[in-house]
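# Commentary on secondary and tertiary structure
Residue strings, one per chain:
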Amino acid sequence: MVEVIKIEGGKRLNGKVRIGGAKNATVALIPAAILADNSDVNIYGVPDISDVESLSQLLSELNVSVTSPTPEHFQINTSNMKNIDLDSDAVTKLRASYYFMGALLGKYKYVRMIMPGGCYLGPRPFDLHLKGFEALGATVEYAQGYYTIKAEKLEGAKIYLDFASVGATINIMLAAVLAEGRTIIENAAKEPEIIDVANFLNKMGANIRGAGTNMVTIDGVEKLDGKPHEIIPDRIEAGTYIIMAAAMADDVTIENIIPQHVEALTSKLIEMGVNLEIGIDSIRIQKSASLKAVDITTQTYPGFATDLQQPMTSLLTQAEGPSNVKETIYAERFKHCAELQRMGANIGVHPAQATITGPTPLFGSKVVATDLRCGASLVVAGLMADGVTEIHEVYHIDRGYDDIDNKLTALGAKFWREEV
Ligand code: EPU
């Protein structure tokens, strides 16, 4: 028996949906919390997603106490922490387990763990993280499936990233906050999640400046103390609901959102003719007459987010004319296109690019969520399709979408799970 999601398409969406804390900030904040010395770290706005469960399991393996006074509040305390090898399944369930590399290296000057996992989106090296650790004075060895990264001491360095990598920027920050002297990350990534992690570390006593620009400066400090932190809203979850609403809303308001974080998306939707009203911390979408085709190129922030490319592709099947979608971050992030074709979409896939010609009516079909955002694109398609869509491998969706069943049902979607 396997669990599937079923969606009966064609239901108009109405009402309000509240966005949870950002997955891609949370998965760094939890490992970052171990840098605190013996005092409680309180993190608020934790999303209910399986990536958080995997990271909590890793904390437990490190003998870090994690309590959850309410579902969205995590209290983390490192008083009894032990730096053991990380080699359980939890490491391979997500990519972000590699943030324990930076955090443990920073705290203990030693970390040993197996290869992290995560969605397959084509090759996803993390050489830039490792080069960063080496620049700080660490040695990196990969043998028998384990990375061993260690240093006598970590010393600040100037590190230029060949690509403005989100993961490398955060991981180097985690390793450098307790290093001696100044670290400068040049060509740093500028994603909002990086600012959130830097703000959290600074509250705990770190000295990080420039997060959110392409140059981040970290002056090492001796210790960090636990402090409370509220996670920023998830711009990718928000973007996904905005896209769903652009497809199916009569009148939907997305709440707990930072509109500036989704500006690349909302500008494209306005160009398409979506009826959208941007508030201070909310966005309202009302039924649009018809949608125009647009071209999209994914880029690092503030460009169009690669994580929204897949759900957006589903919406573009309903736009008049051909839309071109180019990927500059993950050349192979197009597995969703084959699934959408099963539902009737007219999509040509070329290297690092897809052409979607619409509008085409979609019909319910059996499809597979090959990765997290492919899952999101199939949910968008399922809401629009005629008949029932059956989505397999739903664990991918549960890695990143907080309470999706209740949120969609409350908006009027017919969305349920079954064992088949
Ligand atoms: N890259 C390298 N070497 C490295 C690191 C990255 O070549 O050492 C390349 C990657 O192969 C990729 C590009 O640089 O082509 C971007 O990678 P980046 O490091 O910026 O991505 P990431 O940190 O692995 C995060 C998100 C992804 C999101 C990307 C891009 C987390 C946990 N993951 O990944 O989110 O797509 O940034 O914005 O923060 C998702 O949420 O579905 C997801 C995949």
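Look up a bit, the structure's there.
Structural notes, computed from the coordinates. (Residues numbered from 1 in each chain as written. Predicted model: local features only at pLDDT ≥ 70, side-chain atom pairs only at ≥ 80, totals over all residues. Heavy atoms only, no water.)

On a plain count of helices and strands, the chain comes out with 14 helices and 24 strands. Projected onto the principal axes, the alpha-carbon positions of the chain cover approximately 60 × 45 × 40 Å. Among the 420 residues that make up the chain, the fraction classed as buried is 56%. Taking all contacts inside the chain whose residues are at least 6 apart in sequence as the whole, residues at least 24 apart take part in 73%. Of the roughly 16,000 Å² of accessible surface on the chain, a fraction of 48% belongs to carbon and sulfur atoms. (Helix = DSSP H or I, 4+ residues; strand = E, 2+ residues; numbered from the N terminus. Buried < 20%, exposed > 50% of the residue type's maximum accessible area, 1.4 Å probe, protein only. Contact = heavy atoms within 4.5 Å. Areas by Shrake-Rupley, 256 points an atom, 1.4 Å probe, with all protein chains shown as cover.)

So, about the nonpolar core. If you look at the biggest cluster of nonpolar residues, it comprises 80 residues, and the most contacted ones within it are Ile43, Phe100, Met101, Met173, Val177, Leu201 and Ile208. Excluding residues that lie within four positions of it along the chain, Met101 makes contacts with Val111, Met113, Phe126, Leu130, Phe133, Tyr147, Ile149 and Asn171. Residues Ile236, Ala305, Val379 and Ala381 belong to the second largest nonpolar core, which totals 71 residues. (Core = buried A, V, L, I, M, F, W, Y, C linked by side-chain atoms within 4.5 Å.)

Turning our attention to the pattern of salt bridges. For the coordinates displayed, the defined rule picks out 26 salt bridges. Notably, a salt bridge pairs Glu8 with Lys414, separated by 3.5 Å at the nearest N-O pair. Placement of Glu8 in strand 1 (residues 3-8) and of Lys414 in strand 24 (residues 414-419) is noted, with a sequence separation of 406 residues between them. Looking at Glu8, the relative accessible area reads 25%, which means it is partly exposed. Looking at Lys414, the relative accessible area reads 40%, which means it is partly exposed. A salt bridge links Asp307 to Arg333, with the shortest nitrogen-to-oxygen separation between them at 2.7 Å. Of this pair, Asp307 sits in helix 10 (residues 306-316) while Arg333 sits in the loop between strand 19 (319-326) and helix 11 (335-342), and the two are 26 residues apart along the sequence. Just as Asp307 is buried, Arg333 falls in that class too. (Salt bridge = Lys/Arg side-chain N within 4 Å of Asp/Glu carboxyl O.)

What follows covers the site of the ligand. Taken together, 23 residues form the shell around the ligand, and within it Leu128, Ser165, Asp307, Ile329 and Arg373 come nearest. With respect to the ligand, the side chain of Tyr330 contributes an N or O atom lying 3.2 Å from an oxygen atom. Between Arg333 and the ligand, the recorded distance is 3.3 Å, taken from a side-chain N or O atom to an oxygen atom. For the ligand, the protein covers 89% of the area, taking 830 Å² as the surface of the free molecule. Of all elements in the fold, only helix 1 (23-33), helix 5 (127-135), helix 6 (166-176), helix 10 and helix 12 (372-384) reach the threshold of two or more residues within the shell around the ligand. Along the lines of polarity and charge, the residues of the shell around the ligand split into 12 nonpolar, 5 polar and 6 charged. (Near = heavy atom within 4 Å. Polar contact = N/O pair within 3.5 Å; in protein donor to acceptor, adjacent residues only side chain to side chain. Nonpolar A, V, L, I, M, F, W, Y, C, P; charged D, E, K, R; others polar.)

Inspection of the entire model under this criterion finds 4 aromatic pairs. Plain terms: the ring middles of Tyr98 and Phe126 are 5.7 Å apart, the flat faces sit at 50° to each other, and that makes the pair tilted. On the criterion of sequence distance, the pair formed by Tyr98 in the loop between helix 3 (89-93) and helix 4 (99-108) and Phe126 in the loop between strand 6 (110-114) and helix 5 is long-range, its members being 28 residues apart. Each member of the pair, Tyr98 together with Phe126, is buried. For the ring pair Phe126 and Tyr147, a centre distance of 5.3 Å and an interplane angle of 55° mean the geometry is tilted. Pair noted here: Phe126 is in the loop between strand 6 and helix 5 and Tyr147 is in strand 8 (residues 146-150), with a separation of 21 residues, a long-range link. Just as Phe126 is buried, Tyr147 falls in that class too. Counting every residue linked through ring pairs, the aromatic cluster contains Tyr98, Tyr99, Phe126, Tyr142 and Tyr147. (Phe/Tyr/Trp six-rings, centres within 6.5 Å; stacked < 30°, edge-to-face > 60°.)

Before going further, it helps to spend a moment on the environment of Thr253. Structurally, Thr253 is set in strand 14 (residues 249-255). Through-space distance from the C-alpha of Thr253 to that of Leu276 is 9.7 Å; in sequence the pair is 23 residues apart.

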